[in-house]
Amino acid sequence: MLLSMLGLEHTIVPISLPDREQKTPAHLARNPLGTLPVLEDGEAVIYDSQAILVYLAAKHGGAAWLPTDPIGLATISQWLSFATNEIWNGPAIARACLRFKRDVDLDRAQVAGRTALAVMDAHLSTHDWLALDRPTIADIACYPYAALAEEGEISLAPYGALNAWFKRIEALPGYVSMPGLG
Ligand SMILES: N[C@@H](CCC(=O)N[C@@H](CS)C(=O)NCC(=O)O)C(=O)O
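Being a predicted model, the structure only gives us computed values, none of them experimental.

Examining the packing of helix α6 (residues 137-147) against helix α7 (residues 160-170)
- Between α6 and α7, whose axes approach to 11 Å, the crossing angle comes to 120 degrees. In terms of their interaxial angle, α6 and α7 are classed as oblique. As for how α6 packs across α7, the hand of that crossing is left-handed. Taking contact as the criterion, the partners of Asp139, Cys142, Tyr143, Ala146 and Ala147 in α6 are, on α7, Trp165, Phe166, Ile169 and Glu170.
- Of the residues belonging to the contact of α6 with α7, the class tally is 7 nonpolar, no polar and 2 charged.

Regarding the environment of glycine 62
- Inspection of the secondary structure assignment puts glycine 62 in the loop between α3 (49-61) and α4 (70-100).
- Separated by 108 residues in the primary sequence, glycine 62 and glutamate 170 place their C-alpha atoms 22 Å from one another.

With respect to the pattern of salt bridges
- Enumeration over the complete set of coordinates arrives at 5 salt bridges.
- A salt bridge links arginine 95 to glutamate 151, with the nearest nitrogen and oxygen atoms 2.8 Å apart. Pair noted here: arginine 95 is in helix α4 and glutamate 151 is in the loop between α6 and α7, with a separation of 56 residues, a long-range link.
- On the accessibility criterion, glutamate 151 (22% relative accessible area) is partly exposed.
- The network of salt bridges with shared partners includes Arg95, Arg99 and Glu151.

Focus: the nonpolar core
- Core analysis: the largest hydrophobic core is formed by 50 residues, its most contacted members being Leu117, Met120, Ile137, Cys142, Leu162 and Trp165.
- Breaking this core down by element, the ones donating at least two residues are α1 (2-5), α3, α4, α5 (106-124), α6 and α7.
- Residue contributions to this core peak at 9 residues, all from α4.
- Shared between two domains, this core takes at least three residues from each, and those domains are domain 1 (2-63) and domain 2 (64-170).

Here's the deal with the site of the ligand
- Lining the immediate surroundings of the ligand are Leu17, Gln22, Lys23, Gly34, Thr35, Leu36, Pro37, Asp48, Ser49, Trp88 and Tyr145.
- The separation between an oxygen atom of the ligand and a polar side-chain atom of lysine 23 is 3.0 Å.
- In the model, an oxygen atom of the ligand is placed 2.8 Å from a nitrogen or oxygen of the leucine 36 main chain.
- Isolated, the ligand exposes 500 Å² of accessible area, and the fraction of that covered by the protein chains is 73%.

So, α3
- For α3, the set of buried residues is Gln50, Ile52, Leu53, Leu56, Ala57 and Gly61. Along α3, the residues classed as buried sweep out an arc of 155 degrees about the axis, all on the same side.
- Turning to α3, the residues buried within the fold contact α1, β1 (38-41), β2 (44-47), α4 and α6.
- Between the side-chain oxygen of the N-cap and the backbone nitrogen of glutamine 50 there are 2.9 Å, and the N-cap of α3 in question is aspartate 48.
- Of the residues trailing α3, glycine 62 is marked for its positive phi of about 70 degrees.

About the criteria used
- Residues numbered from 1 in each chain as written.
- Predicted model: local features only at pLDDT ≥ 70, side-chain atom pairs only at ≥ 80, totals over all residues.
- Heavy atoms only, no water.
- Axes fitted to C-alpha atoms, helices over the stretch in contact; angles between N-to-C directions.
- Helix = DSSP H or I, 4+ residues; strand = E, 2+ residues; numbered from the N terminus.
- Parallel < 35°, antiparallel > 145°, perpendicular 65-115°, else oblique.
- Left-handed = near helix turned anticlockwise from the far one by under 90°.
- Contact = heavy atoms within 4.5 Å.
- Nonpolar A, V, L, I, M, F, W, Y, C, P; charged D, E, K, R; others polar.
- Salt bridge = Lys/Arg side-chain N within 4 Å of Asp/Glu carboxyl O.
- Buried < 20%, exposed > 50% of the residue type's maximum accessible area, 1.4 Å probe, protein only.
- Core = buried A, V, L, I, M, F, W, Y, C linked by side-chain atoms within 4.5 Å.
- Domains from an automatic or database assignment.
- Near = heavy atom within 4 Å.
- Polar contact = N/O pair within 3.5 Å; in protein donor to acceptor, adjacent residues only side chain to side chain.
- Areas by Shrake-Rupley, 256 points an atom, 1.4 Å probe, with all protein chains shown as cover.
- Arc of directions from axis to C-beta.

Listed below in structure tokens is the structure:
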């Protein structure tokens, strides 16, 4: 999504999770954790989606996407952590359970998911964007698994401000959809 929004040419290389291609020696050489995504940019090989967002924004996006002042940077970091912790352990894990039969505690993930979505909804009831007064990598990091929450049987109906934010993201130039997203 950020590659597209920044207008950067790129090639998407499929790695088959059902075939466990992410655990092959070739992929483990890129990412010893054996996960996706990985970004290769010349000599640079970067894994972890938040790290990839930071790299692309720092290299190509400028302060518009990743501010450098202490408060701006801290606020962005807070939402990147929120994506990695609260969103991953909530809606993302609930979806992985129901869509991909991942062996996890579904009830716990759904409870955590509702808490995370309620926190976002409360914040977005007084802010247009998560971190700053404009879209940043914080929004890109948190959007996909929040917007896919219903695939983990977490209803999005109670969260009016969150749904309005989804629509703002989906209207951004360069937005890239996928099945289940607007
Ligand atoms: N926090 C990491 C999570 C990476 C992750 O677990 N990715 C999933 C796909 S969304 C994966 O590769 N799963 C396969 C596996 O764990 O073997 C990130 O944001 O990059």
